[in-house]
Structures are given as structure tokens and as C-alpha cells.
Amino acid sequence: MPTLQEVLRDKIVKYREEVREILREHKDKVISEVTVGQAYGGMRGVKGMICDTSVVEPDKGLIVRGHPLLDIKHLWPEEVFFLLLTGEFPDDEAKAALQQEFDRRSQVPDYVWKLLYTMAEDTHPMCMLATGVLVMERESVFRKWYDRGMKREDYWLAMLGDSLNILAKLPVIAAGIYRIRYKHGSPMQWTQGLDYGANFANMLGIADPAGSFAKLMRLYLNFHADHEGGNVSANACHTVGSALSDAYYSVSAGLNGLAGPLHGLANQECVKWIIATMEKFDGVPSEEQLREFAFRTLREGRVIPGYGHAVLRVTDPRFTGFLEFGKEHLPEDPVFQVVARVYDVIPKVLQEYSEERVKAGKNPIANVWPNVDAGSGALLYHYGLTEFPYYTVMFSVSRAMGMLAQLILNRALGTAITRPKSVSTEWIKAQVH
Ligand code: HAX
């Protein structure tokens, strides 16, 4: 099979023709309407952008290029990246070629390490990661080619070059941040010939005699890679990229969005919440104790982290996949046992609480089921990764694949600069009266 770049080049010809055809025939067809509630409500449900890498179906969860996530959970991260871009699974030869690309590009410039070492000791690891990516902007192929007058039709190629460079360096930098920030030793090097997930596992320096941590990393990097285009990180990355800012600026922006507690940071909040229940009840809490703890959290005006979703209305298949991994590899782990018990308790609690809210004239909770963040942290914790603030960095290594795949495709399709129309409250008042 040809390489990623060759397959993508052919696909792009088809993608472009398909979009040209749709626009030629149906440019003025209406696909969405916007209510006042949506305008004030984070544009939830407004169909106003395109993303072909994946779709999140409210009643099914993530579908990657037509494949429900749990059907492709065996894929390694490099295969997922290939699939996101081309809609095809790489064969062994194409996968090996992509791994060699990462091998070739994995050297992290010294100035990145110098900078990370000089950051204040209490800097959040997400800030270190976003800074580490941003400071490498001087390496951008896209910017260099653009300055030399690159043709529009080649934008995707320069974006692919930047993306491969970022993806090859990201696990090295992310693992290095873990070791620097939490004083586990110096950053470790990428091992040539080792796959992406196992490389990341290895560079974290976690003991893994049975190889199950490497398995978890492959699964983790697969599950978090993409979640269509409108989520905060993908959307932020897309918006910045639409101004033809290069991939370093764009991905760094996306990572800053992922660092919010209602988005990627929820995974650190989740484990904190689980551990807090165990400290309060001195071990694995009973269902009744969990219920009591959950209601206290809600009455204090806080959210139950890991539950709810802007789009999903069922248990997130990514949570299901992590639960299956836990049952197979760490069924006796007490933190994992709490996660499984929380799953029995919280949906009922949130349902009850939602009914209370409605009686009090507030919005219902649209989705009482767990999202991706509800279970992943417990698995990391089991392997000795007990530094919660680091979890979103691991999420980021994966999500960069989705963000970059979307960026490359948007540059290939010449997607326009993002510029929705905002309206003022005065304008809204005039409409509704
Ligand atoms: N606990 C308590 N209240 C919740 C809740 C939860 N888990 N989920 C939703 N609600 C509340 C909302 O805060 C909102 O209250 P207000 O109207 O008073 O503001 C109300 O229920 C309606 O919200 P919604 O329509 O159900 O949900 P949204 O689309 O507005 O928000 C969120 C989706 C994911 C942000 C929300 O469910 C939440 O805060 N969950 C907890 C944090 C979390 O797990 N985030 C990770 C999401 C997955 C992700 O992006 N990972 O990266």
C-alpha cells in the first residue's frame, strides 16, 4: 500500500471534487436554524461547520470514519491517524512507513527543554505542554513555505509536514514534562522502531513488566484522538487555523481549550472526586455513601465530573471500553472498583437531581451518563500515575491527532476563515418583541 502522503494526495482530489459538487448543487439549502437559547447556550446543536474525520451520534457515541469506536478499539494510534485522514486502514507496510516518519522527526529541540526547565515549579503541566508546542513555531514548514509564496493547493502538504513533526515530538515532550514537573528524572528519548503508544508508555518511565501499561496507552491514545469538530479544543484549533495560522499556533490554542475543567481537565477532577469519597469513607464506599457524597457535591453547586455531555445521550462508548480494560487488567483495584460503583449510582442521582432542578425552574441535566473522563483516570492511577494534573496532558497527546487531521483536511479543502455573525442583546430584544 502507498504511504500516508500518497494515499492522502489521491483522496484529497476526491474530497475536493465532492465538496465542489455539493456546493455547486446545494449551496443555498438550509441545514440548521438557531434559537435564542442556542445563541446564548454555546451554539449547542447548531449545524454550522464541517468535520469529516468523525461524528458523535447522541445515541451511539463516537463514529470514526464510519466505524463505531468499540469496533476499532484494537487500532494503534498511528493507525487511527491514518484512518482519520484517509478513511482507510493502513496495511503493515503503510503503518511501518508512518512509524518511520515519527522515528525520523522525534528529536525535540534543546530550547524546548531549556524553557520547560525554567518554568516555575507550580506551573500546570497543561501550560507547559501548550508552551512547549507554541515555542516550536519557528520550525513551521507551513509558515516558511507561505512566506515563499506557496500555492493554495499545497497548503495541506505543508500542514501535513508540520503535523507529523508535532505528533512525533509531542509524546517526547509530554513524557518529559511528567518527569521534569514531578521530579521523576530527566526526559527520556524516543526509541526507534517502537510503536507510538509503547514509546509514550516507555518515556513516562512507568515500570511495565507485563506490557499492559503500553496496551493501555495504545487504547488511551486511540480513544481520545477525535470527537468531531465542534468541541472546544477542536473548534479552537480550527478557528485559529482558519486564519492560516500554522499548526503550532493552532494546536497550542486547542490545548489551551482542553485545559478547562468542563472539557479535558475533567479527568483530573474525576479521580480527585473518587479519591475524596474513599478518604471520607475510609475505603470503597457503599452505594448509599456514594449517593450521599454525590448529593453533597451537587448541593454545593458543583458538577459531578465525568458525567454529562453536550452531545451524547448514552453511556460514552469510550467509558465502556475503559471499563472493559479495567475488568480485564485490574479488577481488584479499589479505585477502579469505586469507578464501577459510581456508574451504578450517579445516573440515578443525576436523574433525581435533574427533576428537582426542573421543579425549581432550572434546566434539566440533558445527559446523566458517564463520559470519557469518568473512568480513564482510575486506570492511570493503578499504574502509578498518581499526579492528577498530568492526566489532561495524556489526553492532549491523543487529541492532537484529531485536531491536526482536521487542520490538514481543512487546508486541503480551502475552508474559509471562521467568522460567524454575533448579535447584541439589543438585537435579540428587538427580534423577540
Ligand atoms: N453534574 C452536575 N450538573 C450538571 C452535570 C453534572 N455532571 N452535567 C450537566 N449539569 C448541569 C449543567 O451545569 C447545567 O446547569 P445550568 O443550567 O445551571 O448551567 C445543566 O445541567 C444543563 O446542562 P446540560 O445541557 O446537561 O449540559 P451542557 O451541554 O451545558 O454541559 C458538560 C455539558 C459536559 C459541560 C456538563 O455535563 C458538565 O459540566 N459535566 C461535568 C464535567 C465533565 O465531565 N466534563 C467533561 C465532558 C467531556 C469532555 O469534553 N471531555 O474532555
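See the structure shown above.
Let me begin by describing the structure that accompanies this report. (Residues numbered from 1 in each chain as written. Predicted model: local features only at pLDDT ≥ 70, side-chain atom pairs only at ≥ 80, totals over all residues. Heavy atoms only, no water.)

Secondary structure summary: the protein contains 19 helices and three strands in total. What you see for the protein is a C-alpha radius of gyration of 22 Å, in line with the 22 Å of a compact globule of 433 residues. When the backbone C-alpha atoms are referred to their principal axes, the protein occupies close to 65 × 65 × 40 Å. Every one of the 433 residues in the protein was classed for burial, and the buried ones make up 51%. Within the protein, counting contacts between residues at least 6 apart in sequence, those at least 24 apart form 75% of the total. (Helix = DSSP H or I, 4+ residues; strand = E, 2+ residues; numbered from the N terminus. Rg over C-alpha atoms; globule rule 2.2 N^0.38 Å. Buried < 20%, exposed > 50% of the residue type's maximum accessible area, 1.4 Å probe, protein only. Contact = heavy atoms within 4.5 Å.)

Attention now goes to the site of the ligand. Taken together, 23 residues surround the ligand, and among them His263, Gly306, Tyr307, Ala366 and Asp373 come closest. Within the side chain of His263, an N or O atom sits 2.9 Å from an oxygen atom of the ligand. Notes on the ligand: free accessible area 900 Å², of which the protein chains cover 77%. Split into classes, the residues belonging to the shell around the ligand amount to 13 nonpolar, seven polar and three charged. (Near = heavy atom within 4 Å. Polar contact = N/O pair within 3.5 Å; in protein donor to acceptor, adjacent residues only side chain to side chain. Areas by Shrake-Rupley, 256 points an atom, 1.4 Å probe, with all protein chains shown as cover. Nonpolar A, V, L, I, M, F, W, Y, C, P; charged D, E, K, R; others polar.)

Let us now look at the side chain of His224. By secondary structure assignment, the location of His224 is in the loop between helix H10 (212-223) and helix H11 (232-242). A distance of 2.9 Å separates a polar atom in the side chain of His224 from the backbone oxygen of Tyr220. Setting aside chain neighbours within four positions, we find His224 in contact with Phe322, Val372, Ser376, Phe395, Ser398 and Arg399.

What follows concerns the pairing of strand S1 (residues 54-57). Covered by surrounding structure in S1 are Ser54 and Val56 only, the residues Val55 and Glu57 on the alternate face being uncovered. Of the pairings in the sheet, the one linking S1 to strand S2 (residues 61-64) comprises four bridges and is antiparallel in character. Residue pairing in the sheet places Val56 in a bridge with Leu62 of S2. (Pairing = 2+ DSSP bridges.)

Applying the stated criterion to the full structure yields 15 aromatic pairs. Their ring planes at 15° and their centres at 6.1 Å tell us that Phe142 and Tyr146 sit as a pair that is stacked. Within this pair, Phe142 and its partner Tyr146 are both found in helix H7 (residues 141-147), separated by four residues, close to a single helical turn. What makes Phe142 buried here is its relative accessible area of 1%. Taken together, the ring pairs connect Phe102, Trp190 and Tyr196 into an aromatic cluster. (Phe/Tyr/Trp six-rings, centres within 6.5 Å; stacked < 30°, edge-to-face > 60°.)

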